[in-house]
Amino acid sequence: MNESSALVFIVDDDEAVRNSLRLLLKSVGLGTAVFATAQQFLDAYRPSQPGCLVLDVRMPGMSGMELQQQLNLRGAVIPVIFISGHGDIPMAVAAIQQGAFDFLQKPFRDQDLIDRIQRALIKDQGDRAQLEERARTRERLVSLTPRERQVLELVILGKPNKVMAGDLGVSQRTVEIHRARVMEKMDASSLAQLVRMMLDERSGAPA
Amino acid sequence: MRLSILTGNPSPREALQALLDAAADGIVLVDHAGEIQVFNRSAEMLFGYQAAEIVGRNLGTLMNDPDRAAHDVATRVSDLVGRGRTISARRKDGSVFPAFLSIGAVAGSEPPAFVGFVRDLTAQQQAEQETLRLRERLMHVSRLTTVAEMVSGIAHELNQPLAAIATYAHACDRLIGVAAPDVAEIQDALQRIADQAVRAGSIIHRLRGLGQTDASEYEFADVNAVICELADLIQNDARARGVSYRADLAPNLPLVRMKRAQIQQTVLNLVCNALEALAPPQLQAREVIVRSRLTPTRAVEITVCDNGPGVDSQTVSRMFDPFYTTKADCAGLGLPISRTIVHAHGGSLKYLPEMAAGACFAIQLPA
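Thresholds applied
Residues numbered from 1 in each chain as written. Chains lettered and ligands numbered in written order. Predicted model: local features only at pLDDT ≥ 70, side-chain atom pairs only at ≥ 80, totals over all residues. Heavy atoms only, no water. Phe/Tyr/Trp six-rings, centres within 6.5 Å; stacked < 30°, edge-to-face > 60°. Buried < 20%, exposed > 50% of the residue type's maximum accessible area, 1.4 Å probe, protein only. Helix = DSSP H or I, 4+ residues; strand = E, 2+ residues; numbered from the N terminus. Lys NZ or Arg CZ within 6 Å of the ring centre and 35° of its normal. Core = buried A, V, L, I, M, F, W, Y, C linked by side-chain atoms within 4.5 Å. Contact = heavy atoms within 4.5 Å. Buried area = accessible area lost by both parts, 1.4 Å probe. Salt bridge = Lys/Arg side-chain N within 4 Å of Asp/Glu carboxyl O. Polar contact = N/O pair within 3.5 Å; in protein donor to acceptor, adjacent residues only side chain to side chain. Nonpolar A, V, L, I, M, F, W, Y, C, P; charged D, E, K, R; others polar. Pairing = 2+ DSSP bridges.

K.L.:
Looking at this structure, I do not really get the packing of aromatic side chains. What am I missing?
P.N.:
Two aromatic rings, taken as a pair, are described by how far apart their centres are and by the angle between their planes. Taken as a whole and judged by the stated rule, the model has 10 aromatic pairs over all chains. Ring plane angle 25 degrees and centroid distance 5.0 Å describe the contact between F41 of chain A and Y45 of chain A, whose orientation is recorded as stacked. Neither F41 of chain A nor Y45 of chain A differs from the other in exposure class; each is buried. Ring centres of F320 of chain B and F361 of chain B lie 6.5 Å apart, and the angle between their planes is 75 degrees; this geometry places the pair in the edge-to-face category. Placement of the pair is F320 of chain B in the loop between α11 (313-318) and α12 (334-344) and F361 of chain B in strand β12 (residues 360-366), with a sequence separation of 41 residues. Classification of F361 of chain B by relative accessible area gives buried; the value is 8%. Above the plane of the ring of Y218 of chain B lies R257 of chain B, whose end atom (NZ or CZ) is 4.0 Å from the centre. Seen from the ring of F320 of chain B, R339 of chain B lies directly overhead, with NZ or CZ sitting 3.5 Å from the centre.

Okay, structure coming up:
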């Protein structure tokens, strides 16, 4: 699989549906990888590959819903667009509740699918950028000394230097030095940026 | 006569008359030539004749087929003694009703005289017909239910080619719009659109056979073809439940005389049961297999097997009883109706308990 550009993964046990989707996406310049079963996709999928997943709900063997659960368990971020025949509304609700990106009923308008795929790819890009940012924040946090870490925690609580000095039992000057080093190591240009970085790091699931 | 009874001293003749008139069955005494000698009150009610007007006339008067009746009396009445048979009887007004006639010889009479007991079967036959009608109706309803359960599957099955057609068409539209269209690729897609339309058509074609009613006639049919016609329905339901379905069919089976729709209903019912047995989510590699083969006794056998939890011993002994069910939303009629259908075909429907895993049912039909 090509790591650099995004791929649309298509998993549908129906050869005609699979192939027609491949052709449609090709016609708008989207790269695809098609799979007849959920297991084949799981075997081939590497989480580092950007893209989105177009998934049939009903399939023999592992169903679309089960595949979604598997991906959730593995912490995969790939957005999932379910496609299904009519009468699967309860399934659609369940899929969305489990974090599916969208749900389309077959047959669908081509533009509807293409729009959703484009949005899913944008979301995937954003998610991946955020993940990378989080990973970077974590690396920077590791480089902090225990004392700097203490100062960081107090800084993002909005405590003035004078209060921190009291809390830590050091001089205000020492606090200022630690604080400057924290900003430098964390590559933060402002207090606001540092706070946002930390909030984001804490909102994400541990890698 | 009434007076005599009240005094407690009826003459033997009066006593006999009282007995005759109290009998619920019509009683007719005839001589060796078939001439009516005695006609009791119930017989009067049954046939609409007064005893006075019928006595002395031939027994054939009371029959819808007098020639045959006369023949019976003349030559075969003695054969009928003690056995009885169903006859078509005729009232005074000409109307006909079914009756059961049993005949006894009057002991010591020479030439022999006979006594006939006539019971009106109208109500009984109506009840039987009603039962039959209800059973047919029940079978029809049961099949409709089986089919209804699969309708959502059919909708999904039709959706597949329709979705593919729509998607191919959209793709063609876009592929044609570029500066240098790849004609071969577009032609291939157009061919695939046609293929998918044919596929949709064949699904509908195969479904049509299932809409037939019980009025269908017996025909000689290939069991394998009958099973193949169900493949779409079964495949879909199986797909929806995450079960793989496989048909393992022996070639060159002799044709079987059957009401096609009924046998299909039976197979569908067994497959539905199998799919339901595979519902527990902890089951792995769920599978339903339908097989056909010729048995050593030259019956054509269809088996429906699953690899689910099987049938517990308590259920095995009762599952063919009407209204016995282990399912909350089930009438408990599927297996008994299936067995009734198969029996009507001169065949058998059995549970095969010797199978190691899961449940297995076998339909045997005479070839």
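K.L.:
Sorry if this is basic, but what is going on with the nonpolar core here?
P.N.:
Within soluble globular proteins, side chains that are nonpolar generally end up buried alongside one another. All names here are of chain B. Judged by nonpolar contacts, the single largest core of 38 residues is most densely connected at I263, V288, I302, F361 and I363. No other element matches helix α10 (residues 260-277), which puts 7 residues into this core. V288 has contacts with V243, S244, Y245, R246, A274, L275, L278, V304, C305 and D306, leaving out every residue within four places of it along the chain. In terms of nonpolar packing, the next biggest core, distinct from the first, is built from 29 residues, Y168, A171, C172 and I193 among them.

K.L.:
Help me out: how do you make sense of the interface of chain A and chain B in this one?
P.N.:
The parts lose accessible area when they come together, and the size of an interface is often stated as this lost area. Contact with chain A, which involves 28 residues of that partner, is made by 25 residues of chain B. Taking both partners together, chain A and chain B bury about 2,300 Å²; carbon and sulfur atoms supply 54% of that area. In this assembly, chain A and chain B are joined by 6 salt bridges. Connecting chain A to chain B are 11 residue pairs in polar contact (both at pLDDT 80 or more). Top element by residues in the side of chain A that touches chain B is helix α1 (residues 15-27) of chain A. It accounts for 10 residues. Residues of the side of chain A that touches chain B, tallied by class, amount to 11 nonpolar, 7 polar and 10 charged.

K.L.:
What am I meant to see in the side chain of S42 of chain B here?
P.N.:
Residue and element names in this part refer to chain B. Considering the arrangement of structural elements, one finds S42 in helix α3 (residues 41-47). Residue S42 is classed as buried on the basis of its relative accessible area, which comes to 14%. Polar side-chain contacts of S42 include one of 3.3 Å to the backbone oxygen of A24.

K.L.:
Teacher, can you tell me more about the pairing of strand β4 (residues 96-105) of chain B here?
P.N.:
Residues in a regular strand point their side chains to alternate faces of the sheet. All names here are of chain B. Of the pairings in the sheet, the one linking strand β3 (residues 85-90) to β4 comprises 6 bridges and is antiparallel in character. Its bridge partner being in β4, A89 is matched across the sheet by F97. Examined bridge by bridge, β4 and strand β5 (residues 114-120) share 7 bridges and lie antiparallel to one another. Within β5, the residue paired with A105 across the bridge is F114.

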